[in-house]
Each structure stands twice: as structure tokens, then as C-alpha cells.
Amino acid sequence: MAEEKNSPSAQRVVVDIYGTSYPLKTDNPQHMKQLAAALDKRMKIMSRAVRTFDERKIAVLTALEIAEDYYKLKKDYDELVDLLDEK
């Protein structure tokens, strides 16, 4: 997103995540809206799971969950690449 901020084609988009609006600049507003909607959904699911109204805790726990998903996918990807390299 840092590169997009300075891009001449960057457009302003406002997204809502867990009840807070964030004005952002992006080259792809539709994609940013999809990302924000996915994050909003995951934060709402997390808030029901931990049963707290502490937004910071919900955000951090959701970020950790997303990071775990990323590392699992990266590990699977790396293993697949290794298998393909062996052939």
C-alpha cells in the first residue's frame, strides 16, 4: 500500500472495518473494499469467539489468526515448489 499512496493513479476509497471508517488511497478500490470486508467479517467472528468488546484485542487476535493462515499457506507453497523442483 505504500507504493499505491504515491501512485498518480491512486484513488480515494473509504472502507468500514469493525465499525470504524478508514479513508485509504489505492490503485484498486474494489480489491481494497473486498479486503476490508473480509477483515471486518473475521473480526466479527473473532469478537463472538472471545466474547469481548475490546477492539484492540479483537484486532490483534484476528491479525494473529491471519498470520497463522499465511504461514500455513506459505509452508504448503514452499513444499509444493520443492516437490516440483525435484522432478
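Quick caveat, the model's predicted, so the values are computed rather than measured.

Q: Talk me through the pattern of salt bridges; I want residue IDs and the actual numbers.
A: Summed over the entire model, instances satisfying the criterion amount to five salt bridges. In this structure, Lys44 engages Asp40 in a salt bridge whose closest nitrogen and oxygen atoms are separated by 3.0 Å. Of this pair, Lys44 and Asp40 both sit in helix H2 (residues 29–50), separated by four residues, roughly a single helical turn. Looking at Lys44, the relative accessible area reads 39%, which means it is partly exposed. Here Asp40 falls in the buried class, since its relative accessible area comes to 12%. The structure contains a network of salt bridges with shared partners spanning Arg42, Glu65 and Asp69.

Analysis parameters
- Residues numbered from 1 in each chain as written.
- Predicted model: local features only at pLDDT ≥ 70, side-chain atom pairs only at ≥ 80, totals over all residues.
- Heavy atoms only, no water.
- Salt bridge = Lys/Arg side-chain N within 4 Å of Asp/Glu carboxyl O.
- Helix = DSSP H or I, 4+ residues; strand = E, 2+ residues; numbered from the N terminus.
- Buried < 20%, exposed > 50% of the residue type's maximum accessible area, 1.4 Å probe, protein only.

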